Amino acid sequence: MRRYIGYIPTGRAGSTSIRRALKRACIIDEDFIWDVPSPKGVFVTRVNRDEKDFFWRRWWETRDDVEMFTVVRNPYDRLVSGWLHTNKQKWLPRELTLEEYCYLLHCGYTHNEQPIQRPWEGADPEAFATAHNHGMNFETSIHTVIDVIAAQDTPHLVECWVEYALKKGPAFPPSEWPKFARRLTVIRFENLEEEFLNLCDKYGWEDVELKWENKTADRKSFESYHTPTSIDFVRSYYRYELEAFGYE
């Protein structure tokens, strides 16, 4: 029997809108704590940010009484949204080009940098992490805690923990995912309102109203921002989403 329901936020895929909708309906607490269930058994997962998540599973990952849901968005669109939002919020010392934002994601993902000046030089580390999280790919959100035993047996994997998760990627059989992943409902951002409200009906959540938050004003179509370099980056960095969810 289902006892807990968890929401896994994905950057620039309606996460703020969903959290606030759940707060207004008193599904989660106004001052909720990441990973801690509300009195109604609903919780929001903390975004993976560091290596400890690769060693220790969180309480909800292997339980049979937990269902999870998350939202996916066309990666070509989500990359542009994360880049525009980073510049809008002024998280970094200066506005980045889209290609520079791709480089930022690459560095945050691999922990490696080319010997060139960083376009975010002088940024606060937390601001850098926030900018990176808003372009985070699906593996980083979902798959970084997979195969904990292997990580404990081979600690060097932690040095490239996200890259390791990517290599598992689409070829990693669902039967070997953490238990929660086999009970994961995936909502499409492109049809967010309808699918989210249908999910609320399924769980018996009443008086949930989804309002769009953090929309970028005067934004053009995402295709108009892309360059050959950014397109190649999407094909590599967001490969799992493109293949698993049929985006082109």
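The structure reproduced in this document is the subject of the present report.

1. Some words on the overall build of the protein chain
Item 1. Of regular secondary structure, the protein chain possesses 11 helices and four strands.
Item 2. Among the 248 residues that make up the protein chain, the fraction classed as buried is 53%.
Item 3. Partitioning the contacts of the protein chain with sequence separation of at least 6, the portion at a separation of at least 24 is 72%.
Item 4. With the model as given, the accessible surface of the protein chain reaches about 12400 Å², and the carbon-plus-sulfur share is 49%.

2. Looking at the packing of helix α3 (residues 75-89) against helix α10 (residues 228-237)
Item 1. Two numbers describe how α3 lies on α10: the axes approach to 10 Å, and their chain directions differ by 115°. Two packed elements cross with a definite hand, and for α3 against α10 that hand is right-handed. Across the interface between the two elements, P75, Y76 and L79 from α3 touch S230, I231, F233, V234 and R235 from α10.
Item 2. Across the contact of α3 with α10, the residue classes break down as six nonpolar, one polar and one charged.

3. Some thoughts on the sheet that holds strand β2 (residues 42-44)
Item 1. In space, the four strands of this open sheet follow the order β2-β1-β3-β4, with parallel pairing throughout. Only two strands of the sheet have a single partner each, and these edge strands are β2 and β4 (184-188). Taken pair by pair, the neighbouring strands of this sheet meet at an average axis angle of 20°, ignoring direction.
Item 2. Where strand β1 (residues 4-8) and strand β3 (residues 66-72) come together, five bridges link them in parallel fashion. Bridge assignment links I8 to a residue of β3, and that residue is T70.
Item 3. Its contacts with the sheet place helix α1 (residues 15-24) against β1, β2 and β3, and it is angled at close to 150° to β1.
Item 4. Of the strands in this sheet, β1, β3 and β4 touch helix α9 (residues 192-203), which is tilted by about 150° from β4.

Rules used throughout
Counting restarts for each chain, with residues numbered from 1 along the sequence as it is written. With the structure being a predicted model, the display of local features is reserved for residues of pLDDT at least 70 and the display and counting of side-chain atom pairs for 80 or more, all residues being used for whole-chain, interface and lining totals. To obtain the side-chain values, all non-hydrogen atoms of the structure were used and water was disregarded. Numbering of helices and strands runs from the N terminus, with a helix taken as a DSSP run of H or I at least four residues long and a strand as a DSSP run of E at least two residues long. Throughout, exposure labels follow a simple rule: accessible area from a 1.4 Å probe, protein chains only, divided by the maximum for the residue type, with under 20% read as buried, over 50% as exposed, and the rest as partly exposed. Whether two residues touch is decided by their heavy atoms; if any such pair falls within 4.5 Å, the residues are in contact. Using a 1.4 Å probe, the Shrake-Rupley method yields the accessible areas, and only the shown protein chains count as cover for residues. To obtain each axis, a line is fitted to C-alpha atoms, and for helices this fit is confined to the stretch in contact; angles are then taken between N-to-C directions over 0 to 180 degrees. When the near helix sits turned anticlockwise from the far one by under a right angle, the crossing is termed left-handed; a clockwise turn instead gives a right-handed crossing. Basically, the charged four are Asp, Glu, Lys and Arg, the nonpolar ten are Ala, Val, Leu, Ile, Met, Phe, Trp, Tyr, Cys and Pro, and anything else, Gly included, counts as polar. Pairing between two strands is assigned when DSSP locates at least 2 bridges connecting them.

As far as function goes, none of this settles anything; it's purely spatial.
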